[in-house]
Amino acid sequence: MTRPEEGLAAIQKAGFSEAEVYAKRGRSRRLEIGPGGAAPGSSQSTFCIAVEEGWAARAGGSQGTLFLAGTGTPRPAGAAWPSPSTATGAALRLPEPPSAAALADWRPPVDLESPLLGESEARAVLDGIARELARELPGARLSSASLEEGSSESELVSTRGMNVRWRSRAALLRVEAVLPGARGNVSHRATLDAGERLAQSFAPAAIARRLADRLHVLQEGSAPERDRGEFLLAPPIGARLLLGLLPMLLGRSSSPATQSPSRSDTERILTLQRGSRIASSCLTIVDDGRLAGGVLAAPVDGEGSATRELVLIADGEARQPLLPWWAARPPETRASGCVRRAGFRDQPGVGPSHLYVRPRAETSVASLLGGVARGYYLLDATGSGRWNFEADRFALPVCGFAVQSGRSMAPVAGAWLCGGISALLRGVQAVARDLAFFPLDGMLGAPTLLVTGLELRRAAPPV
């Protein structure tokens, strides 16, 4: 069997001065039901077990870059690796290995050894959601669902001396619920995505409650023509807003590690963001690749650089964007280990791991809701948002409840939360303690936020 070290030696023998070999082995189990309203235990469900082993190699130098990938163990499709003359495009630069000190405080999560869910256990989770949903909202049912749990081992070696290994595991849940309309009206549908490190951590009652709330407001709610007030934004909406803010939080959001930005580009990014007060003093935004209990927690990122906590906005003041090793300029800015691999066949790219709004332990959701004189408690986003940073505008479709004197008055659906992006950042008045994460671009998290200075509209405004 060819190991990554042997593949690296073969690449060097072919004449490449700069090279890395990445290998990944994983296994997963997936249960699917529907569509068509099949009950979780019916014959219309499928249970699959998959085992995968793959590799990827990048090689090159000043002459360009060669990228190869395949299943099994690291070896080219032919008898030998291609020659350096086949490398094209941007020059290849690889990171130095992390220091022992950077890895010293990493402790692998103890639940990495937990067995993956079996078919009966996965069915019990989906059965529990279906049962709780019917209890919360009579007539509602699951129309489709999937629950997948997997674990993997990764290994990365390079000519720079990189030699790191790490393990991961994650569980992803996607459920769609339907509520038939009264008197033949169109049915209402709600979809929910959730991620946990262990599938057994999913709470059926909480998931069913979120689906039921969404279906209820979709069925009964309407939207104001145009209104302002205080907006209490539940965690799913806060996470969606973070997703929309990513372009301003990522210093090099789409550039591959094979491309190195010029110093002037990086300085321009820092001049626009670093040290300026761009948000309310209540708002702190963090990315942490080692977040305790985090779904994506790992000692290193997809290129082997050490992960760590990085504060992007601290009490409303911009510290720095999320930067990979090749774009950071110490001591002004630091890298955080934010290079990801979507799969072994994909080139590494920059992205968040656990990006979240830091919660305030002393603030409960109930206290924030009780203080809303007139406004809205928005529970969920009903679609993708629209963002225009040049025009400083955003719009996000939402649903929830109108609130007066801390009490719910009427359901709201078909509405758009909109306003200025700068107004959103500066309008955060309070942050609760109920931090929750959602699988969006990485794991994005937020607690309930109290925001002013925005609008709710029936029709989507120009953005």
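That block above? That's the structure.
None of these values were measured; they are calculated from a predicted model. (Residues numbered from 1 in each chain as written. Predicted model: local features only at pLDDT ≥ 70, side-chain atom pairs only at ≥ 80, totals over all residues. Heavy atoms only, no water.)

Draft legend 1. Molecular detail of the overall build of the chain. Looking only at helices and strands, the chain has 8 helices and 23 strands in total. For the chain, the C-alpha radius of gyration of 24 Å lies close to 23 Å, the compact-globule estimate for 463 residues. Over its C-alpha atoms, taken along the principal directions, the chain stretches across nearly 70 × 60 × 40 Å. The buried share of the chain, taken over its 463 residues, is 52%. In the chain, 73% of the contacts between residues at least 6 apart in sequence involve partners at least 24 apart. (Helix = DSSP H or I, 4+ residues; strand = E, 2+ residues; numbered from the N terminus. Rg over C-alpha atoms; globule rule 2.2 N^0.38 Å. Buried < 20%, exposed > 50% of the residue type's maximum accessible area, 1.4 Å probe, protein only. Contact = heavy atoms within 4.5 Å.)

Draft legend 2. Region of interest: helix α5 (residues 235–249). The sharpest bend along α5 measures roughly 35° and falls at L243, with the proline P247 sitting one to four residues further on. Most of α5 sits out of view: 12 of its 15 residues are buried. Along α5, the residues classified as buried are P235, P236, I237, G238, A239, L241, L242, G244, L245, L246, M248 and L249. (Bend = angle between axes of the 7 residues up to and from the residue.)

Draft legend 3. Looking closely at the packing of helix α3 (residues 119–136) against helix α4 (residues 204–220). Interhelical geometry of α3 versus α4 gives an angle of 45° and a closest axis separation of 8 Å. Regarding the angle of α3 to α4, the classification is oblique. When you trace α3 past α4, the crossing you get is right-handed. For the pair formed by α3 and α4, the contact residues are V125, G128, I129, E132, L133 and E136 on the first element and P204, A205, I207, A208, R209, L211 and A212 on the second. A per-class count over the contact of α3 with α4 returns 9 nonpolar, 1 polar and 3 charged. (Axes fitted to C-alpha atoms, helices over the stretch in contact; angles between N-to-C directions. Parallel < 35°, antiparallel > 145°, perpendicular 65-115°, else oblique. Left-handed = near helix turned anticlockwise from the far one by under 90°. Nonpolar A, V, L, I, M, F, W, Y, C, P; charged D, E, K, R; others polar.)

Draft legend 4. Geometry of the sheet that holds strand β21 (residues 442–446). Pairing in this open sheet of 6 strands is mixed, and the strands run β11-β10-β9-β14-β21-β20 from one edge to the other. Only two strands of the sheet have a single neighbouring strand rather than two, namely β11 (317–318) and β20 (436–440). As defined by bridge partners, strand β14 (residues 354–357) adjoins β21 across 3 bridges and the pair is classed as parallel. From the neighbouring strand, L355 faces β21, where its bridge partner is L444. (Pairing = 2+ DSSP bridges.)

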